[in-house]
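Survey of secondary and tertiary structure
Each chain is listed here by its residues.
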Amino acid sequence: MLVLVLNAGSSSLKYQLINPETTEVKASGLCERIGIDGKLVHEAKGHKISKDIEMPTHKEAIEIVLNFLTTGEDKVIDSIEEIQAIGHRVVHGGEYFNNSVIINEDVISKIKSLIPLAPLHNPAHITGIEICMELMPETPNVAVFDTAFHQTMPASNYMYAVPYEDYKKHGVRKYGFHGTSHYYVSNEAKKMLDKEDSKVIVCHLGNGSSMCAVRDGKSIDTSMGLSPLEGLVMGTRSGDLDPAVINYLMERKNMTASEMINYLNKKSGMLGVSGVSSDLREIIEAAKNGDERANTAIDMKCNRIKKYICSYAGVLEGVDAICFTAGIGENADLIREKVCNGLEFMGVEIDEEKNKIRTDENREINKNSSKTKIYVIPTNEEYVIAHDTYELVKG
């Protein structure tokens, strides 16, 4: 079976054509600047194409993707009929969805009802779904939710200490995100540990970052909350802060509520503290050249991760493995080292030489004497989406 995996953003569209039975990725790419001027980056058969193409709407973007998959020297299928299912990444499933589902009108209606919880993401996902249903009406569509994996959290971990009626009437609670990544990585760690009742902490560290405490394959707690703003210090997101900061700054900077949320989402985090960039590679380079603010930003990020590790160790009543994944987690040996150093009291002993080795394979970077395993596990969210889609459609 061939599954087309789509992740529709407000002005972008990421895609992969995957055979979930063999894990082969036949083609992948990204449509950017949809509705502005349009750019496509497409990779297939070992060739990478970057091309400016006008894409007034997501419909034209999806049509362009289907055209590249089926025509030209690098085509990978002869017709769109060979695509047997479409898997859509959907950021927010609220409390409606604790698993992936085949999409019907009721599912679409529920995703629409959750727009207030994900105003930047869910509308774009709905657009992608409805266009696919129009262009390929006989092909089943599946929704895979970022929030679904975290629906196993107990109420004591997902509730906020606000009046209970705000939860019941307005859905104010922790939902968590990056669920497909946390599921994939924790499952890989569980295999590597080969242990019943495994206790795993996953550190998904990219421009957006989150952590998850996973007990025997189930999410117990996670760092992101009602929105992806809570938790770690991220590329441009503030993460945890005193809620009083919001009102304080709004009054002094004469900002509206939406301006403040934009400020905390897009102008804060590593970018706001360092003043250099939201790209960790550039911040590390600046720190090497003596930039104190860059050094402070790095230390803040690592300290916050370390605090969550210690917190989750308590929630899990022990730790078998700490896992690093995503762009920063997989590639930034400095961050892994700074996070793990000082955790020897938890049985965490990082091997500096193993830590510096780069590979695309799952690997162990702890010393042989370490009681807690330290893994680097490349995430594969697209495969999770393709696999879930395959299982549902096949079933």
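Figured I'd write up the structure that's included with this text. This one's a predicted model, so the numbers in the text were calculated from it and none came from an experiment.

Before going further, it helps to spend a moment on the overall build of the protein chain. Looking only at helices and strands, the protein chain has 15 helices and 14 strands in total. In terms of C-alpha radius of gyration, the protein chain reaches 21 Å, essentially the compact-globule figure of 21 Å for 395 residues. Projecting the C-alpha coordinates of the protein chain onto the three principal axes gives extents of approximately 60 × 55 × 45 Å. Each of the 395 residues in the protein chain was classed as buried or not, and the buried ones make up 50%. Across the protein chain, the fraction of contacts at a sequence separation of at least 24, relative to all contacts at a separation of at least 6, is 61%. Of the roughly 18,300 Å² of accessible surface on the protein chain, 48% is carried by carbon and sulfur atoms. Of the side-chain charges in the protein chain, 44 are positive and 57 negative, and the distance between the mean point of each set is 4 Å.

Close contact between helix 11 (residues 292–316) and helix 13 (residues 333–340) brings their axes to 9 Å; oriented N to C, the two are set at 50°. Taken together, the axis directions place helix 11 and helix 13 in an arrangement best described as oblique. In terms of crossing hand, the pair formed by helix 11 and helix 13 is right-handed. Across from I298, D299, C302, I305, K306 and I309 in helix 11, the residues of helix 13 making contact are I335, K338 and V339. Of the residues that constitute the contact of helix 11 with helix 13, the class distribution is six nonpolar, no polar and three charged.

For the rest of this paragraph, the subject is the packing of aromatic side chains. Both the distance between ring centres and the angle between the ring planes are used here to describe each pair of aromatic rings. For the structure shown, the criterion picks out six aromatic pairs. Measuring from centroid to centroid gives 4.3 Å for F97 and F145, while their planes differ by 5°, and the two rings are stacked. Of this pair, F97 sits in the loop between strand 6 (83–90) and strand 7 (101–102) while F145 sits in strand 8 (residues 141–145); the two residues are 48 residues apart in sequence, bridging distant segments of the chain. Comparing F97 with F145 shows no difference in burial state: the two are buried. Feature note: the residues Y96, F97 and F145 constitute an aromatic cluster, connected by ring pairs.

Let's shift gears to the packing of helix 2 (residues 105–113) against helix 3 (residues 122–135). Packing of helix 2 against helix 3 brings their axes to within 10 Å, and their N-to-C directions diverge by 160°. In terms of axis orientation, helix 2 runs roughly antiparallel to helix 3. In this structure, helix 2 crosses over helix 3, and the sense of that crossing is left-handed. Seen from helix 2, the contacting residues are E105, I108, I111 and K112; seen from helix 3, they are N122, I126, I129, E130 and M133. Looking at the contact of helix 2 with helix 3, its residues break down into five nonpolar, one polar and three charged.

Next up on the list: the sheet that holds strand 13 (residues 363–364). Taking strand neighbours across the sheet as the criterion, the six strands line up as 11-10-9-12-14-13 in an open arrangement whose pairing is mixed. Two strands in the sheet have a free side with no partner beyond their single neighbour: strand 11 (218–222) and strand 13. Pairing between strand 12 (residues 321–325) and strand 14 (residues 373–376): four bridges, direction parallel. Bridging from a neighbouring strand, A321 pairs with K373 of strand 14. Most of the contacts of helix 6 (residues 179–193) go to strand 9 (residues 199–205), to which it runs at about 135°, and overall it touches strand 9, strand 10 (209–215), strand 11, strand 12, strand 13 and strand 14.

Parameters at a glance
- Residues numbered from 1 in each chain as written.
- Predicted model: local features only at pLDDT ≥ 70, side-chain atom pairs only at ≥ 80, totals over all residues.
- Heavy atoms only, no water.
- Helix = DSSP H or I, 4+ residues; strand = E, 2+ residues; numbered from the N terminus.
- Rg over C-alpha atoms; globule rule 2.2 N^0.38 Å.
- Buried < 20%, exposed > 50% of the residue type's maximum accessible area, 1.4 Å probe, protein only.
- Contact = heavy atoms within 4.5 Å.
- Areas by Shrake-Rupley, 256 points an atom, 1.4 Å probe, with all protein chains shown as cover.
- Lys, Arg positive; Asp, Glu negative; His and termini not counted.
- Charge placed at Lys NZ, Arg CZ, Asp CG, Glu CD.
- Axes fitted to C-alpha atoms, helices over the stretch in contact; angles between N-to-C directions.
- Parallel < 35°, antiparallel > 145°, perpendicular 65-115°, else oblique.
- Left-handed = near helix turned anticlockwise from the far one by under 90°.
- Nonpolar A, V, L, I, M, F, W, Y, C, P; charged D, E, K, R; others polar.
- Phe/Tyr/Trp six-rings, centres within 6.5 Å; stacked < 30°, edge-to-face > 60°.
- Pairing = 2+ DSSP bridges.

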